Amino acid sequence: MEAQLKNIKIEKSKTTKINEVDFDNLAFGSVYSDHMLVCDYKNGAWETPEIMPYQPITLDPAAKIFHYGQSIFEGMKAYKDSSGATWLFRPKNNHKRLNISARRLAIPEIPEEIFMEGLTTLLRLEKDWIPSNPGSSLYIRPFILASGNGFHASPADEYKFIICCAPSGAYFSGKVKVLIEEKYSRSANGGVGYAKAGGNYAGQFYPTQLAVKKGYNQVIWTDDNTHEYIEEAGAMNIFIRINDTLITGPTSDRILDGITRKSILEIAEDEGIQTEVRKITVTEVVRAAKSGALKEMFGAGTAAVVSPISTFGHKGVDYDLPELQDNFASLLKKRITDIQYNRAEDKFGWRYKV
Ligand SMILES: *Cc1c(COP(=O)(O)O)cnc(C)c1O
C-alpha cells in the first residue's frame, strides 16, 4: 500500500474537444474532458495507472460487472479560483470511502498513492476543462468495475479503476418537490446502502420514476422496516430544520456517510446553529409541518451541494415549506462553496491544492 508510484504513463490526445463545449450552458455530467485515467488490477495487484485520451473501453461479455453488478464509484469536484488555481475538497475522504465501498463489494482496495497521484496528475492535464463560471466545476467520477470474466457468481479476478471528468453546471435548477417513500427502500440493515455501489442507484430508478409520474422530483427514502424514519433524499443526505434546530439522521448500514453532510454539520456548529444527529420520524416532520415548526428541508451532496426542498408529499397530502429570508440552506451553501472555491479562509483545513 505504501509503495511509491512509478511514473504514470501519459498518452496525450492529439485533438481537443474543448472548443465544442458551451461552458455557459453546461448540463450535469454529460460532456467529458479529453483524458481519462485507467488502472488495471491483474494477478493480485494494481498496476501503474495510465492517462490516455478519453475513449470507450472494451470488455468481455462475460465480465462480472455485467452480470453481478460488481462496481463502485465516487463523486467529487475540482474547483477553479479567481487566480486560476485548482482545488479539491477533502479528497482523501473520497479515497477512504471508495475503499469502504470496495471492501463491501469484495473489490480489492485501491492504494492512496494511485488514487491521489492519479487524480492530481489527471487534473493538472485537464486544467483548462475546469469551468470558472459561478456554480460550475469539473465533476470527477472515479470508479472501479469488475472486468474479469466468468458466469460463476463470485468476485472477479481483474478490475479497472477509472477516473473520468465532466465539466458541469449546477445540478438542480429550482426547488425540489419530494415524495416520502412508503413502499420501496434503497437500503436495508446488513445491506450495501452505505457503499456507493452501482446497483444501489439502479434500484432507486423505478420508485423515483413512479414519484415523477405523480409530479414529484425525488423520493425521500425511509427505513426499510417501518418507513417511519427519514433517511436520505434521492442520492443525497437530508437535513431538516425544526424551529432553529438542524437535524440529520445518524449514518448507518443504510445511510451513506456523505462528505457534504459532515462538512455542513461542522459549519453549522461553527455558525452557532443548534444541530442534532438523531433519528427523525415522518410523524415528527408531518406534525412540525402542521404546526409551522418545520422551517426547512434540504438535500446535501457533492453534486448539488445543498438542494432546498419546497414541498414534501406523504400519504396523498402535500406540505409546503415556508420561504424564509434567513434560511440555513443558503447560509451553509455559501459557507461551504466559499471554502471550495477558495473565496474564504478554510479554518477546517478541507481545501486541497492540486
Ligand atoms: C454520494 C451520496 C451522498 C452524498 O455524499 P457526498 O460525499 O456528500 O457527495 C449521499 N447519499 C448517497 C446515497 C450518495 O450516494
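Everything here concerns the structure above.
Residues numbered from 1 in each chain as written. Predicted model: local features only at pLDDT ≥ 70, side-chain atom pairs only at ≥ 80, totals over all residues. Heavy atoms only, no water.

J.: Describe the layout of surface pockets, naming the residues involved and giving the relevant values.
T.: Here the largest pocket is characterised by a volume of approximately 680 Å³. Secondary structure elements with two or more residues in the lining of the largest pocket: β8 (137–146), β9 (159–168), β13 (236–242), α5 (259–270) and β16 (294–301). Of the residues contributing to the lining of the largest pocket, the split by class is 18 nonpolar, nine polar and five charged. Three or more residues apiece are contributed to the lining of the largest pocket by two domains, here domain 1 (9–168) and domain 2 (176–340). Its volume calculated, the second largest pocket comes out at about 260 Å³. Along the wall of the second largest pocket there are 18 residues; nearest its centre are A170, A304, V305, V306 and K333. Looking at the lining of the second largest pocket, the elements with two or more residues in it are β6 (76–80), β17 (305–314) and α7 (328–340). At four residues, the largest contribution of residues to the lining of the second largest pocket is made by β17. (1 Å grid on protein atoms, 1.4 Å probe; cavity = no way out; pocket = protein on both sides within 12 Å on 5 of 7 lines; lining within 4 Å. Points joined across faces, edges and corners; volume = space filled by probe spheres on them. Helix = DSSP H or I, 4+ residues; strand = E, 2+ residues; numbered from the N terminus. Nonpolar A, V, L, I, M, F, W, Y, C, P; charged D, E, K, R; others polar. Domains from an automatic or database assignment.)

J.: Give a description of helix α2 (residues 91–104) that names residues and reports values.
T.: Relative to the 20 Å expected for 14 residues at 1.5 Å per residue, α2 spans 20 Å between its end C-alpha atoms, a close match to the ideal helical length. Those residues of α2 that fall on the buried side of the exposure criterion are P91, N93, N94, H95, R97, L98, N99, S101 and A102. After α2 finishes, the residue A106 shows a positive phi value of roughly 55°. (Expected span 1.5 Å × (residues − 1). Buried < 20%, exposed > 50% of the residue type's maximum accessible area, 1.4 Å probe, protein only.)

J.: Please give an account of the site of the ligand that cites residues and values.
T.: In the vicinity of the ligand there are 14 residues, among which K196, Y201, E232, T260 and T302 approach most closely. Backbone polar atom of A235 to a nitrogen atom of the ligand: 3.4 Å apart, as the coordinates give it. A distance of 2.6 Å is found between an oxygen atom of the ligand and a side-chain nitrogen or oxygen belonging to T260. Relative to its free-state accessible area of 380 Å², the ligand is covered by the protein chains to the extent of 96%. In this structure the site holding the ligand corresponds to the largest pocket. Elements with a contribution of two residues or more to the shell around the ligand: β13 and α5. In the shell around the ligand, the residues fall into five nonpolar, five polar and four charged. (Near = heavy atom within 4 Å. Polar contact = N/O pair within 3.5 Å; in protein donor to acceptor, adjacent residues only side chain to side chain. Areas by Shrake-Rupley, 256 points an atom, 1.4 Å probe, with all protein chains shown as cover. Sits in = over half its atoms within 2 Å of the grid points.)

J.: Just give me the short version of the environment of A300, but keep the residues and values in it.
T.: With respect to the element layout, A300 can be found in strand β16. Each C-alpha atom, one on A300 and one on K42, is 37 Å from the other, the two residues being 258 residues apart in sequence. Those residues in contact with A300, other than ones at most four positions away along the chain, are M236, N237, F239, T260, I264 and V305. (Contact = heavy atoms within 4.5 Å.)

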